[in-house]
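Now for the letters of each chain:
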Amino acid sequence: MATALLSVLGILLCSLLVTSDVVPQDNFNLQAVAGKWYLISFATNAQWFVDHRSSMKMGTAMLTPTAADDLEMSYASLRSDGSCWRMSHLAKKTDVPGKFMFKSERMDNDNDMRVVDVKYDEYALIYTLKTKGGVSTVLNKLYGRTFLYFDKIHFIRALTNEFTKLVSSLTGRATQLNPQLLEKFRQFSLENGILPENIAILPQNGECPDA
């Protein structure tokens, strides 16, 4: 019991220490990040993710800059019964370009979101520190501009550091998300204290109709 508690405390401390070092991408361009993104990979130690990971699939995010340079974010994911899960937030700008703050009424938490790495026509790596009741949890997301179909996803010793190959077959409509980027996302998540088994590539999914 004591060992498990120390392990959890160690992960939390690591997360908090790393947070101060997580900086947004230089010369962040708010207008260039606008448009539809597909959620490719998801990483967090949050219990709700651990409990529901097996049922999670790829979803979409529509990012819309406002006249005040804030960022409207609308998320959608198609459920297995054909209904759509939806959620939206207004992320408020800060003095640091690429860093935003927002309150989630649904989850009752405060969010510190940072666009860490982005190539505007290909991918975006977004880090969020979620705080509720004095407890903070890191959530990392990797988005792609195209709907990538993961025909065969093979995790090679995913629970160890011998993660030498993530995807054996990966095809998309326009471009391929290269394995080096997926490995970069994995390493970034590990550095933020996220356990290897809590770093997931989401399976392909249909899209929700426009709201």
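Everything quoted here is computed from the prediction, not taken from an experiment.

Caption draft 1: Geometry of the overall build of the chain. For the chain, the count of helices and strands is three helices and eleven strands. Helices and strands in the chain line up, N terminus first, as α-β-α-β-β-β-β-β-β-β-β-β-α-β. Taking all 211 residues of the chain together, the buried fraction comes to 43%. A sequence separation of at least 24 residues applies to 55% of the contacts in the chain between residues at least 6 apart.

Caption draft 2: Focus on the pattern of salt bridges. Following the criterion strictly, the structure yields nine salt bridges and no others. Note that Lys103 and Asp110 form a salt bridge whose closest N and O atoms lie 3.9 Å from each other. Its relative accessible area of 37% is what places Lys103 among the partly exposed residues. Judged by its relative accessible area of 42%, Asp110 falls in the partly exposed class. Across the pair Lys119 and Glu122 runs a salt bridge whose closest N-O atoms are separated by 3.3 Å. On the accessibility criterion, Lys119 (41% relative accessible area) is partly exposed. What emerges from the salt-bridge pattern is a single network uniting Lys99, Asp112 and Arg114.

Caption draft 3: Summary view of the confidence of the model for the chain. Per-residue pLDDT for the chain has a mean of 82; in total, 75% of the residues score no lower than 70. A low-confidence stretch, residues 2-12 (pLDDT under 50), is modelled with four contacts involving residues beyond four sequence positions or located in other chains. Note that residues 149-175 has pLDDT below 50 and, in this model, 53 contacts with residues that lie over four places away or in other chains.

Caption draft 4: Layout of empty space enclosed by the protein. What the rule picks out here adds up to one cavity of 30 Å³ or more. Approximately 30 Å³ is the volume found for the largest cavity. Lining the largest cavity are Met58, Gly59, Thr60, Ala76, Ser77, Leu78, Asn205, Gly206, Glu207 and Cys208. Broken down by element, the residue count for the lining of the largest cavity peaks at three residues, all from strand β3 (residues 71-78). A class-by-class count of the residues in the lining of the largest cavity yields four nonpolar, five polar and one charged.

What counts, and at which threshold
- Residues numbered from 1 in each chain as written.
- Predicted model: local features only at pLDDT ≥ 70, side-chain atom pairs only at ≥ 80, totals over all residues.
- Heavy atoms only, no water.
- Helix = DSSP H or I, 4+ residues; strand = E, 2+ residues; numbered from the N terminus.
- Buried < 20%, exposed > 50% of the residue type's maximum accessible area, 1.4 Å probe, protein only.
- Contact = heavy atoms within 4.5 Å.
- Salt bridge = Lys/Arg side-chain N within 4 Å of Asp/Glu carboxyl O.
- pLDDT = per-residue confidence, 0-100.
- 1 Å grid on protein atoms, 1.4 Å probe; cavity = no way out; pocket = protein on both sides within 12 Å on 5 of 7 lines; lining within 4 Å.
- Points joined across faces, edges and corners; volume = space filled by probe spheres on them.
- Nonpolar A, V, L, I, M, F, W, Y, C, P; charged D, E, K, R; others polar.

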